[in-house]
Amino acid sequence: DTGVSQDPRHKITKRGQNVTFRCDPISEHNRLYWYRQTLGQGPEFLTYFQNEAQLEKSRLLSDRFSAERPKGSFSTLEIQRTEQGDSAMYLCASSLASGGAGELFFGEGSRLTVL
Amino acid sequence: QQQVKQSPQSLIVQKGGISIINCAYENTAFDYFPWYQQFPGKGPALLIAIRPDVSEKKEGRFTISFNKSAKQFSLHIMDSQPGDSATYFCAASKSGSWGKLQFGAGTQVVVTP
């Protein structure tokens, strides 16, 4: 088991371009989360899936952002018409759905720089 | 607005010393309070967590103290080691959506030899 993997690790793009990030969760985990972290701040929740269903989206997730988890395994996060304010680390995490609180396992993140 | 406030922003402690990080929250519906540790270039990793039915939880050199009436909780790192140098985040979430964490802004801890 290699943990949560994210690709690409770094992405530099020009304003207005579209970018897509991929997350492969731990194989038996049915919950998958996307967070965004800017420099010097804690991660901010964006959205989460249980299996293939997107159960919640933050108000931070503007219309330019879309996330999918088509077969309940890997997930993609697409940002359309990128803006400089989108520059951040995008973190993916996975967990088991259970009755009580458990551990979120984070990937190493995908760092986006918008020029 | 930030629902979890964390202090200090940074601290320097000598090897063998005690590191103390404090967090305060407003939302009384929060009932899960984890601490995450993050090294440069890595994602956060769970260190220790507490529920509000206990006032203290200890795991090795790490202790969470929880004060429900004051809506505050803190992390104590005993016998701090250079390998503990990292950024520490407190977080909170509500029952039913425990994975939707509200993180503090983080504390950068530097342990000097």
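Preceding this paragraph is the structure being described.
The following refers to the structure shown. Everything quoted here is computed from the prediction, not taken from an experiment. (Residues numbered from 1 in each chain as written. Chains lettered and ligands numbered in written order. Predicted model: local features only at pLDDT ≥ 70, side-chain atom pairs only at ≥ 80, totals over all residues. Heavy atoms only, no water.)

## Quick look at the pairing of strand β7 (residues 62-67) of chain B
Within a regular beta strand, the side chains point alternately toward one face of the sheet and then the other, so they alternate between its two faces.
Residue and element names in this part refer to chain B.
In step 1: Two elements, strand β6 (residues 56-59) and β7, share four bridges in a ladder whose sense is antiparallel. By the bridge assignment for β7, Glu56 is matched with Ser65.
In step 2: The loop that links β6 with its antiparallel partner β7 comprises two residues; one of these, Gly60, has a positive phi angle of about 60 degrees.
In step 3: As judged from the six bridges shared by β7 and strand β8 (residues 72-77), these two strands associate in the antiparallel manner. Its bridge partner lying in β8, Asn67 is registered against Gln72.
In step 4: Hairpin remark: β7 followed by β8, antiparallel, with four residues in the connecting loop; positive phi at Lys71, about 55 degrees. (Pairing = 2+ DSSP bridges. Helix = DSSP H or I, 4+ residues; strand = E, 2+ residues; numbered from the N terminus.)

## Remarks on the interface of chain B and chain A
In step 1: Each partner contributes to the interface: chain B provides 18 residues, whereas chain A provides 23 residues.
In step 2: Taken over both partners, the interface formed by chain B and chain A buries close to 1700 Å², and the fraction arising from carbon and sulfur atoms is 54%.
In step 3: For the pair chain B and chain A, the number of links is two salt bridges.
In step 4: We note a salt bridge from Lys100(B) to Glu56(A), for which the minimum N-O separation is 2.5 Å. (Contact = heavy atoms within 4.5 Å. Buried area = accessible area lost by both parts, 1.4 Å probe. Salt bridge = Lys/Arg side-chain N within 4 Å of Asp/Glu carboxyl O.)

Structural measurements only, silent on function.
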